[in-house]
Amino acid sequence: MSPFFFYLFAFVLIFASLSVVLARNPLYNVLSLVVAIFSLSCLFVVLEAFFVGMILLLVYAGAVLVFFLFVVMCLNLNAISFASAAQSRLRWLGGLAGLMFASSFGLAMKSFMKAQAMEVSSVRGTIETIGKILFTDYLLPFELTSLLLLIAIFGIVSLAQGALSTGKETDNI
């Protein structure tokens, strides 16, 4: 039964990720991102990485994406329509992003093939091993991430207070 759920959540993840990129309404982008993170969390649970799956669900879908949704709703963003000249100018940027994605996908596949050839490790994704690695090797990135989230909270609160104090809706750029 596990392969069925793996492929089901993988299909939902791919569909939701495409919807994040292709949807024109920012509200739909954020809601699709919630579905994508939920399905990714379910994939981690199917792969028996319960802690990582639950942390992904709680931190990203429960906190960060709620902030994104709050900002989209506070700023009253609508679908942005670009002129055809602006679209043609940005087309090369999309091609460059596509090439970068393809090369990173190739590197990920190469790393996956190397990992399949290695022997099975006894180190699992337990809370103790993740905590030791997080607070020794990755202490600086962990603290910088918390600082970034704190700055995001201050930005959201200041945007909300600015919109409430003026009583006007913000203009789309």
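## As for the overall build of the protein
Helix and strand counts for the protein stand at 6 helices and 0 strands. Traced from its N-terminal end to its C-terminal end, the protein shows the element sequence α-α-α-α-α-α. The proportion of buried residues among the 173 residues of the protein is 14%. Counting only contacts in the protein whose residues sit at least 6 apart along the sequence, the fraction spanning at least 24 positions is 64%. If you sum the accessible surface of the protein, you get close to 13500 Å²; carbon and sulfur atoms cover 74% of it.

## Side note on helix H3 (residues 50–75)
One turn of the α-helix equals 3.6 residues, which is why residues spaced by three or four share an orientation. Between its terminal C-alpha atoms H3 stretches 36 Å, which fits the 38 Å expected from 26 residues at 1.5 Å a residue. At Leu-65, H3 shows its maximal kink, close to 30°. Of the residues making up H3, those classed as buried are Gly-53, Leu-56, Ala-61, Val-64, Leu-65 and Val-72.

## Notes on the packing of helix H1 (residues 2–22) against helix H2 (residues 26–46)
One can describe the packing of H1 onto H2 by two numbers: an axis separation of 8 Å at closest approach and a directional angle of 160°. Taken together, the axis directions place H1 and H2 in an arrangement best described as roughly antiparallel. Regarding H1 and H2, the two cross each other, and that crossing is left-handed. Note on element contacts: H2 touches H1 through Asn-29, Ser-32, Leu-33, Val-35, Ala-36, Ser-39, Leu-40, Cys-42, Leu-43 and Val-46, opposite Ser-2, Phe-5, Phe-6, Phe-9, Ala-10, Val-12, Leu-13, Ala-16, Ser-17, Ser-19, Val-20 and Val-21. When its residues are assigned to classes, the contact of H1 with H2 shows 16 nonpolar, 6 polar and no charged.

## Here's the deal with the packing of aromatic side chains
Counted by the stated rule, this structure contains 4 aromatic pairs. With 6.4 Å between their ring centres and 25° between their planes, Phe-5 and Phe-9 make a pair best called stacked. Of this pair, Phe-5 and Phe-9 both sit in helix H1, 4 residues apart, which is roughly one turn of that helix. For Phe-5, a relative accessible area of 32% puts it in the partly exposed group. With a relative accessible area of 19%, Phe-9 lands in the buried category.

## Side note on the side chain of Asn-29
Along the polypeptide, Asn-29 turns up in helix H2. From its side chain, Asn-29 meets the backbone oxygen of Ala-23 in a polar contact 3.3 Å long. In contact with Asn-29, not counting residues within four places along its chain, are Ser-19, Val-20, Val-21, Ala-23 and Arg-24.

So, how was this worked out
Residues numbered from 1 in each chain as written. Predicted model: local features only at pLDDT ≥ 70, side-chain atom pairs only at ≥ 80, totals over all residues. Heavy atoms only, no water. Helix = DSSP H or I, 4+ residues; strand = E, 2+ residues; numbered from the N terminus. Buried < 20%, exposed > 50% of the residue type's maximum accessible area, 1.4 Å probe, protein only. Contact = heavy atoms within 4.5 Å. Areas by Shrake-Rupley, 256 points an atom, 1.4 Å probe, with all protein chains shown as cover. Expected span 1.5 Å × (residues − 1). Bend = angle between axes of the 7 residues up to and from the residue. Axes fitted to C-alpha atoms, helices over the stretch in contact; angles between N-to-C directions. Parallel < 35°, antiparallel > 145°, perpendicular 65-115°, else oblique. Left-handed = near helix turned anticlockwise from the far one by under 90°. Nonpolar A, V, L, I, M, F, W, Y, C, P; charged D, E, K, R; others polar. Phe/Tyr/Trp six-rings, centres within 6.5 Å; stacked < 30°, edge-to-face > 60°. Polar contact = N/O pair within 3.5 Å; in protein donor to acceptor, adjacent residues only side chain to side chain.

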